[in-house]
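Below are the chains, spelled out letter by letter.
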Amino acid sequence: MPNVIVVGAQWGDEGKAKVIDLLSADARVVVRCQGGCNAGHTVKHGGKTFKFHLIPSGILYADTLCIIGNGTVIDPEVLMAEIAALKAQGYNLDNLKLSNRAHITLPIHKLQEKNVEDSLADQKIGTTLKGIGPSYMDKVGRFGLRVCDLYAPSEALAERLRQILQHKRGLLPEDQLMEEPGLTMDSLMVWCQEAAENLRPYVTDTISLVHDRLAQKQSMLFEGAQGTLLDVDYGTYPFVTSSNATTGGACTGSGVGPTRIDYSIGVMKGYVTRVGEGPFPTELDDAVGTHLSQVGQEFGTTTGRARRCGWFDAVMARYSVQVNGLDGLAMTKLDVLDGLSELKICVGYRHKATGERMETFPAQLETLKQVEPIYETMPGWQTEITGITEFDALPTPAKNYLQRISDLCQCPVAIVSVGPERNQTIVCHNPILEKTLSVQKAGIT
Ligand code: GDP
Ligand code: IMO
Ligand code: MG
C-alpha cells in the first residue's frame with residue numbers, strides 16, 4: 001500500500017489538515033513529522049470544527065494510528081490541552097503515539113523567543129511565540145531535552161537540566177532565570193516530572209512502530225506542518241520557521257527513508273496567503289485582497305492574526321514542486337475565487353531597479369523585496385462551485401485556471417477543494433488508493 005507525503009507548498013495554512021483528514025480514510029497510519037504547536041491544522045467534519053496543533057489530523061478515524069514523530073518539538077502543556085479537548089468530545093486517543101526522540105519545548109524557550117522578538121523591534125520575524133525557534137536551536141546546538149530524557153533516572157535528568165540552565169545563563173538576564181516559573185532548577189525538575197507522568201501513556205519508540213507497520217504494508221501518510229517557503233533551507237530566510245517543512249523533513253522527522261515514499265502531494269491555495277513578516281511579491285492591498293481575506297476567512301488558526309493575501313504565484317509554486325519533488329498538487333480554497341471577474345497568475349518577476357526578468361525564486365531577501373510580479377490574466381467564473389464534487393462539472397474558466405497552474409508548475413492536479421468540509425472535494429487522483437478518476441479526461445496531467 002502506498003506511502004504518501006503531504007506538505008504545504010506556499011507559506012503555510014494551505015489546507016494540509018483537510019487533505020490529511022480526507023486521505024486518512026484510506027490510510028492506516030498518519031505521522032506528523034516536524035514543527036510544533038506553531039502549526040494550526042483545521043478539520044471541518046459533520047458541522048464540527050477541530051483545530052490541531054500537535055496531534056495529527058487523521059485522529060478523527062479511530063482505526064488510524066496517529067504518530068507525533070521524532071522531528072517535532074513538543075510543548076507538553078499544549079499537547080495535554082489538545083488531548084483533553086478531544087477526550088471531552090468522546091475520542092479515546094488510544095490511537096495516538098508520541099516519539100521518545102521528539103524534543104521538548106521548555107518554558108524557558110518561550111521566554112527566550114519573546115526577548116529576541118522584542119529586541120528586533122521593526123525587524124521582527126513575527127513568530128507565533130510558541131518557543132519553536134529556541135527549541136530547534138537547542139536541538140541542533142545539542143542542549144535540547146528529548147521526550148525520552150524525561151524518563152531518565154532522576155539524577156541524570158537533574159544533571160541534564162543543570163547543563164541546560166547553565167547554558168541559558170549566558171542568554172537570559174539573571175533576574176528572569178531566578179523569577180520565572182519553570183526556570184529555576186527546582187521548578188524545572190517538577191515541571192519535567194509532571195510532563196513525564198502526563199505524556200507516559202503516549203510515549204513510545206515510534207521508529208520501531210512505523211517500521212512494524214511498513215513491514216505489514218500498511219499505508220502511511222506523512223503530515224507536514226508550515227510550508228515550503230517557511231522551510232529553514234528553502235524559505236524566505238530569515239522569515240521562516242526553524243524546521244524543514246519540505247518532503248525531506250518528512251523523512252528525517254519520521255524515521256522513514258525516501259525509498260519508502262511512493263507519492264508526494266503539495267497543498268496550495270488557489271491564491272497565496274502569509275501570516276507574519278517577510279517579503280510577499282504578489283501581496284494585494286486592494287479590493288481583491290479584501291475579498292480573499294474576508295471570503296477565505298484568512299485569520300491564523302494558532303494566533304488569530306490576519307493573513308496577508310495575494311494572487312497565485314507560479315514562480316514560487318514551481319520552486320515548491322522542484323524542492324519537494326511533488327507528484328501531484330492539492331488545490332484548495334478554489335471556491336474563494338468564486339465571483340471574481342478576472343484572475344491573475346504571477347508567471348515571472350521583474351526587478352524594479354534593473355528591469356531583469358526572473359523565472360526562478362531568488363535566494364536573496366533584498367532581491368525578493370525588489371521584484372514586481374509579471375501577471376497573466378484569466379477570466380473568472382461567476383458561479384458558486386462549493387457543491388461540485390466532479391471535475392467535469394466545474395465551470396470551464398475554473399478548469400482552465402487549474403490547467404494553467406498545472407502547466408506552469410509542471411505538476412498534475414490530484415485534488416481540488418471547494419469548501420472546508422470533507423465532502424467538498426474533487427478527487428481526481430487518490431494516491432493512497434492509487435485510483436485516477438476524471439483526471440486524464442479533464443486533461444489535468
Ligand atoms: P493548514 O495549516 O494547512 O492545515 O491550514 P489551516 O487549517 O491553518 O487553514 C486552512 C483554512 O481553510 C481552514 O480554516 C480550513 O477549514 C479552510 N479550508 C480548507 N480547504 C478549504 C476550501 O477548499 N475552501 C474553503 N472555503 N475553506 C477551506
Ligand atoms: P501551519 O502548519 C502559517 C510562521 C509564523 C512566522 C514564521 C516563524 O498551520 O501551516 P515560528 O513560530 O514558526 O518560529 O514562526 O512562520 N508560521 C506559520 N505560518 N502556518 C503555520 O503552520 C505556521 N507556523 C509558523 O507566522 O512568520
Ligand atoms: Mg494552519
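What you are looking at is a predicted structure, and each value in this text was computed from that prediction instead of being measured.

Asker: How would you explain the site of ligand 2 if you had to name every residue and give the values?
Answerer: In the vicinity of ligand 2 there are 20 residues, among which Asp13, Lys16, His41, Thr128 and Thr241 approach most closely. Within the side chain of histidine 41, an N or O atom sits 2.7 Å from an oxygen atom of ligand 2. Threonine 128 has a polar side-chain atom sitting 2.6 Å from an oxygen atom of ligand 2. Coverage of ligand 2 by the protein amounts to 98% of the 550 Å² it exposes when considered alone. Mapping ligand 2 onto the cavity grids shows that it belongs to the largest pocket.

Asker: Which residues make up the site of ligand 1, and what values go with them?
Answerer: Looking at ligand 1, there are 19 residues lining it, with Lys16, Gly40, Thr42, Asp335 and Ser417 nearest. One of the side-chain N or O atoms of threonine 301 is found 2.9 Å from an oxygen atom in ligand 1. Taking glycine 419, its main chain carries an N or O atom lying 3.1 Å from an oxygen atom of ligand 1. Relative to its free-state accessible area of 590 Å², ligand 1 is covered by the protein chains to the extent of 92%. Counting atoms within 2 Å of the grid points, the majority share of ligand 1 lands in the second largest pocket. Of all the secondary-structure elements, those providing two or more residues to the shell around ligand 1 are helix 1 (16–24) and strand 3 (41–45). In terms of residue class, the shell around ligand 1 is built from four nonpolar, seven polar and eight charged.

Asker: An account of the coordination of the magnesium ion (ligand 3) is requested, with residue identities and associated values reported.
Answerer: In the first shell of the magnesium ion (ligand 3), the protein supplies Asp13 (OD) and Gly40 (O), at 2.0 to 2.2 Å from the metal. Note that aspartate 13 is positioned in the loop between strand 1 (3–8) and helix 1 and glycine 40 in the loop between strand 2 (29–32) and strand 3, a separation of 27 residues in sequence. For glycine 40, a relative accessible area of 11% puts it in the buried group.

Asker: I'd like a description of the environment of glycine 270, backed by residues and values.
Answerer: Locating glycine 270 in the fold gives a position in the loop between strand 11 (263–269) and strand 12 (272–274). Sequence separation between glycine 270 and methionine 331 is 61 residues; the distance between their C-alpha atoms is 6.0 Å. With residues near it in sequence (within four places) discarded, glycine 270 still touches Phe312, Met331, Thr332, Leu337 and Tyr401.

Asker: A description of the sheet that holds strand 7 (residues 96–99) should follow, citing residues and the corresponding values.
Answerer: Pairing within the open sheet is mixed, and its ten strands lie in the order 9-7-5-2-10-1-11-15-19-20. Bordering the open sheet on either side are strand 9 (203–204) and strand 20 (425–427), each of which pairs with just one other strand. Across the sheet, helix 8 (residues 206–215) touches strand 1, strand 2, strand 5 (65–68), strand 7, strand 9 and strand 10 (220–223), and the angle it forms with strand 5 is around 145°.

Asker: Describe helix 2 (residues 76–88), listing the residues and the values that go with them.
Answerer: Here helix 2 contains 13 residues, and its C-alpha end-to-end distance of 18 Å stays within 8% of the 18 Å for a straight helix at 1.5 Å per residue. Those residues of helix 2 that fall on the buried side of the exposure criterion are Pro76, Leu79, Glu82, Ile83 and Leu86. Along the long axis of helix 2, the arc covered by the buried residues comes to 130°, so they all point the same way.

Asker: Lay out the packing of helix 3 (residues 107–120) against helix 4 (residues 132–141) in plain terms, naming residues and giving numbers.
Answerer: Interhelical geometry of helix 3 versus helix 4 gives an angle of 115° and a closest axis separation of 7 Å. As far as their axial angle goes, helix 4 and helix 3 are roughly perpendicular. Between helix 3 and helix 4 lies a crossing whose hand is right-handed. Contacts between helix 3 and helix 4 involve His109, Gln112 and Glu113 from the former and Ile132, Pro134, Ser135, Met137 and Asp138 from the latter. Class assignment of the residues belonging to the contact of helix 3 with helix 4 gives a composition of three nonpolar, three polar and two charged.

Asker: Can you tell me about the pattern of salt bridges, naming the residues and giving the values?
Answerer: Overall, the coordinates contain 18 salt bridges when judged by the stated rule. Here glutamate 155 makes a salt bridge to arginine 162, at a shortest N to O gap of 3.0 Å. On the basis of relative accessible area, glutamate 155 is assigned to the exposed category, the value being 51%. Classification of arginine 162 by relative accessible area gives partly exposed; the value is 38%. The partner of lysine 333 in a salt bridge is glutamate 298, with the nearest N and O atoms 3.0 Å apart.

Asker: Summarise the side chain of serine 254; cite the residues concerned and give the values.
Answerer: In this structure, serine 254 sits in the loop between helix 9 (247–252) and strand 11. Engagement of the side chain of serine 254 in a polar contact is seen with the backbone oxygen of alanine 250, the distance being 2.7 Å.

The rules behind these values
- Residues numbered from 1 in each chain as written.
- Chains lettered and ligands numbered in written order.
- Predicted model: local features only at pLDDT ≥ 70, side-chain atom pairs only at ≥ 80, totals over all residues.
- Heavy atoms only, no water.
- Near = heavy atom within 4 Å.
- Polar contact = N/O pair within 3.5 Å; in protein donor to acceptor, adjacent residues only side chain to side chain.
- Areas by Shrake-Rupley, 256 points an atom, 1.4 Å probe, with all protein chains shown as cover.
- 1 Å grid on protein atoms, 1.4 Å probe; cavity = no way out; pocket = protein on both sides within 12 Å on 5 of 7 lines; lining within 4 Å.
- Sits in = over half its atoms within 2 Å of the grid points.
- Helix = DSSP H or I, 4+ residues; strand = E, 2+ residues; numbered from the N terminus.
- Nonpolar A, V, L, I, M, F, W, Y, C, P; charged D, E, K, R; others polar.
- Donors = N, O, S within 2.8 Å, 3.2 Å for Na, K, Ca; no water.
- Buried < 20%, exposed > 50% of the residue type's maximum accessible area, 1.4 Å probe, protein only.
- Contact = heavy atoms within 4.5 Å.
- Pairing = 2+ DSSP bridges.
- Axes fitted to C-alpha atoms, helices over the stretch in contact; angles between N-to-C directions.
- Expected span 1.5 Å × (residues − 1).
- Arc of directions from axis to C-beta.
- Parallel < 35°, antiparallel > 145°, perpendicular 65-115°, else oblique.
- Left-handed = near helix turned anticlockwise from the far one by under 90°.
- Salt bridge = Lys/Arg side-chain N within 4 Å of Asp/Glu carboxyl O.

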